[in-house]
Amino acid sequence: TVSFGTKPAIAQKDSIIYEAHVRGLTKDSSSTTLTTILSSMSEFAAVANVPSAYVGTYKGAGYMAKYLKAMGYKTIELLPVHETANDINSDTSPAGNFWGYMTYGYFAPDRRYSYNKSYGGPTDEFRAMVKAFHDQGIEVYLDVVFNHTGEGGTWGDANTRELTSFAGLANNSYYRLASGNAFYWDGTTGCGNQLNCTNTATRKLVTDSLKYWIQNMGIDGFRFDLAPVIARNANNNYNFEPSNQPVISDITGMIST
């Protein structure tokens, strides 16, 4: 197993955060000529060029650790890296779901961002990237999406429902439903596939995923996309009620464990 290094344990008040997209961070050709671009600035003397074969990958992102350290950053926050619907993404154009906010696999680093695409390769490469940042005293946060999934809603046709993962397993457990609409309900995300975070199975999915990325992948913190959505109650109005939401207690309780 590839090590993710030693977590820097930086106090939250000291976390100077750089938000980045794994692919976008190094995909531009300028990342391969950093030593030339920064040659006149001594504070960047430790920075190395990203090999062209690694641009747009976890491996390439790890090369940027010394650059971010020289810039004074303490934390890198990565936009979603959970496996998503990559068939709609192009390597040559900006079309598709570039940002990755349509999650399918909450325990898998997106294979598309990995140079090593062998079995287990993306996981090992992700850990190695985290270690590269940890070795420079930089923490790694993840932007996580637990308000909705990559499965679509009915998209205007009440008789048609995408069944690629959670809906096929237990639609009435994992998703928000309402009286008169037993197939999907969406009052918040606009995606037609709003997760039901009041359900025990969904709550466990959230906490198990967070624990996996903390304990197995070395992640130091998280940013929750549309966080208020997961803090809505269980009635058909799904009102915002964070003080009484078990999933919020589940997450905050993890801080002391």
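Note: the structure precedes this text.
This is a predicted model, so every value here is computed, not measured.

A. A look at the packing of helix α6 (residues 166-174) against helix α7 (residues 200-215). Close contact between α6 and α7 brings their axes to 9 Å; oriented N to C, the two are set at 115°. Contact residues: F166, S173 and Y174 in α6; A201, T202 and L205 in α7. In terms of residue class, the contact of α6 with α7 is built from 4 nonpolar, 2 polar and no charged.

B. Fine view of the packing of aromatic side chains. Applying the stated criterion across every chain yields a total of 15 aromatic pairs. Seen from their ring centres, Y58 and Y113 are 6.1 Å apart, and the 85° between their planes marks the pair as edge-to-face. Remark: Y113 occurs in the loop between β4 (103-109) and α5 (121-135) and Y58 occurs in helix α3 (residues 58-62); sequence separation between them is 55 residues. The class for Y58 is buried, based on a relative accessible area of 0%. Consider the rings of F107 and Y212, whose centres lie 5.9 Å apart with planes at 65°: the pair is edge-to-face. Separated by 105 residues along the polypeptide, F107 in strand β4 and Y212 in helix α7 bring together distant segments of the chain. By relative accessible area, which is 36% here, F107 ends up partly exposed.

How each quantity is defined
- Residues numbered from 1 in each chain as written.
- Predicted model: local features only at pLDDT ≥ 70, side-chain atom pairs only at ≥ 80, totals over all residues.
- Heavy atoms only, no water.
- Axes fitted to C-alpha atoms, helices over the stretch in contact; angles between N-to-C directions.
- Helix = DSSP H or I, 4+ residues; strand = E, 2+ residues; numbered from the N terminus.
- Contact = heavy atoms within 4.5 Å.
- Nonpolar A, V, L, I, M, F, W, Y, C, P; charged D, E, K, R; others polar.
- Phe/Tyr/Trp six-rings, centres within 6.5 Å; stacked < 30°, edge-to-face > 60°.
- Buried < 20%, exposed > 50% of the residue type's maximum accessible area, 1.4 Å probe, protein only.

Function-wise, these values are silent; they only describe arrangement.
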